[in-house]
Amino acid sequence: MKTLIHIGAPKTATTFLQETYYPLHPELAYIPQMKEWSRWMWSLDKTKIKALAISDEGVMGHIKKRRTLLMNLERLVKDPLVLITTRAPDHSLLFSIYSQIIRIGGRESFEDYFTKKTAHWADVFNYQSVYDECCSIYGSENVMLLPQELLRADPSQFYRMLEERLAISQFDPPKNKQVNQRLTWDQIEFYRTFWPSLSRIASLHSNREMPLYIKKMHMSHTPIMNAISEKIGRLCNRTAKQSDLETSKFLESFNCYVSAMEMLPCYEDLLERYKKSSSESH
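This section reports on the structure supplied with the text.

About the criteria used
- Residues numbered from 1 in each chain as written.
- Predicted model: local features only at pLDDT ≥ 70, side-chain atom pairs only at ≥ 80, totals over all residues.
- Heavy atoms only, no water.
- Helix = DSSP H or I, 4+ residues; strand = E, 2+ residues; numbered from the N terminus.
- Buried < 20%, exposed > 50% of the residue type's maximum accessible area, 1.4 Å probe, protein only.
- Contact = heavy atoms within 4.5 Å.
- Areas by Shrake-Rupley, 256 points an atom, 1.4 Å probe, with all protein chains shown as cover.
- Salt bridge = Lys/Arg side-chain N within 4 Å of Asp/Glu carboxyl O.
- Core = buried A, V, L, I, M, F, W, Y, C linked by side-chain atoms within 4.5 Å.
- Patch = residues over 30% accessible without salt bridge, like charges linked within 9 Å, V, L, I, M, F, W, Y side chains within 5 Å.
- Axes fitted to C-alpha atoms, helices over the stretch in contact; angles between N-to-C directions.
- Parallel < 35°, antiparallel > 145°, perpendicular 65-115°, else oblique.
- Left-handed = near helix turned anticlockwise from the far one by under 90°.
- Nonpolar A, V, L, I, M, F, W, Y, C, P; charged D, E, K, R; others polar.

Focus: the overall build of the chain
Here's step 1: In terms of regular secondary structure, the chain is built from 14 helices and five strands.
Here's step 2: When burial is assessed residue by residue, the chain has 48% of its 282 residues classed as buried.
Here's step 3: Taking the contacts inside the chain whose residues are at least 6 apart along the sequence as the reference set, 75% of them involve residues at least 24 apart.
Here's step 4: For the chain, the accessible area works out to roughly 14700 Å², and carbon and sulfur atoms hold 53% of it.

See the structure below:
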């Protein structure tokens, strides 16, 4: 039985796949958290399931612990397929990261945040490094690269390529479902201004075991909060919007190109976008 290990990267539609594809595919057993591995292994109905799926973009986010996490998984999994989803670096990637930070309580400006954190995110999105690491542990034949851009442009092709490697039947999830939608600049202004008060509200949630940042994320994704934050944020409207030119300085250290992309047809029309970051970072 093949086991898909989807390790990210963050902001490459991982949440979308975790909510709309992995748990709905009739031949996949989706394990939402790695700590649940043992419990799930013993409770699976082997007559219906053809493959397992684990998805956790935190593996790429924890750079210092990444190799240890990957090696521990390698000991548990008999027939692995490691999936690395990629995204070419541009202004929208940085804004998506920043939007997520604001959702969980960040209050720094765009400029201040990336002045401090650009080096960290450049390491996270160094796909060549994580690809080489995965190949050294699992073997290159068990490591797969797929672009987030393909999932946006042609979802069916993305799913078919993944299903072929997992030897499972074709499945197309429900369409037009938005997951983890990023904030607008007006909403960012709202959360930066009012998060201290909202955090106190979130901390009163009846589930005391749920981490506060998860409560914040849940609250910020509700339709009511989306509408309130947009309207009030528009009234505050003090946040300076960042242009592509202003954010280009933060992208200079990103190197998201992987030499293996040259051999993959799904990257053929995207290579220049990925190579651009590589040439600009040298």
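Description of the pattern of salt bridges
Here's step 1: A complete count under the given rule lists eleven salt bridges for this structure.
Here's step 2: Measuring nitrogen to oxygen at the nearest pair gives 3.6 Å for the salt bridge that ties E27 to K50. You can see E27 sitting in the loop between α1 (14-20) and β2 (28-31) and its partner K50 sitting in the loop between α2 (37-43) and β3 (51-55), a full 23 residues away along the chain.
Here's step 3: You can call E27 buried: its relative accessible area is 14%.
Here's step 4: For E111, the salt bridge is made with K249, and the minimal N-O distance between the two is 2.5 Å. On the criterion of sequence distance, the pair formed by E111 in helix α6 (residues 110-124) and K249 in helix α13 (residues 244-251) is long-range, its members being 138 residues apart.
Here's step 5: Taking relative accessible area as the criterion, E111 reaches 28% and is therefore assigned partly exposed.
Here's step 6: Here the residues in one salt-bridge network are R160, E163 and D172, joined through shared partners.

Remarks on the environment of I137
Here's step 1: Here I137 is to be found in helix α7 (residues 127-138).
Here's step 2: In this structure, the C-alpha to C-alpha distance between I137 and R67, residues 70 residues apart in sequence, is 8.7 Å.

Focus on the nonpolar core
The nonpolar side chains of a soluble globular protein tend to be buried with one another.
Here's step 1: Among the nonpolar cores identified, the biggest contains 76 residues, and I7, Y22, I84, F125 and Y127 are the most heavily contacted of them.
Here's step 2: Ranked by residues supplied to this core, first place goes to α7 with seven residues.
Here's step 3: Sequence-distant contacts of Y127, defined by excluding residues within four places in its chain, comprise A9, T12, M60, I84, T85, T86, R87, N255, C256, V258, M261 and Y274.

A closer look at a nonpolar patch on the surface
Here's step 1: There is a patch of nonpolar side chains on the surface, built from F194, I224, I228 and I232 and spanning about 330 Å² of accessible area.
Here's step 2: Sort the elements by how many residues they give to the nonpolar patch and helix α12 (residues 223-236) lands first, with three residues.
Here's step 3: Assignment of secondary structure puts F194 in helix α10 (residues 185-203).

Points about the packing of helix α4 (residues 66-76) against α7
Here's step 1: Contact geometry for α4 and α7: axes closest at 10 Å, N-to-C directions at 30°. Comparing the axis directions of α4 and α7 gives the class roughly parallel. Along this stretch, α4 crosses α7, giving a crossing that reads as right-handed. Along the contact surface, α4 presents R66, R67, L70, M71, L73 and E74, while α7 presents S129, V130, E133, C134, S136, I137 and Y138.
Here's step 2: Class assignment of the residues belonging to the contact of α4 with α7 gives a composition of seven nonpolar, two polar and four charged.

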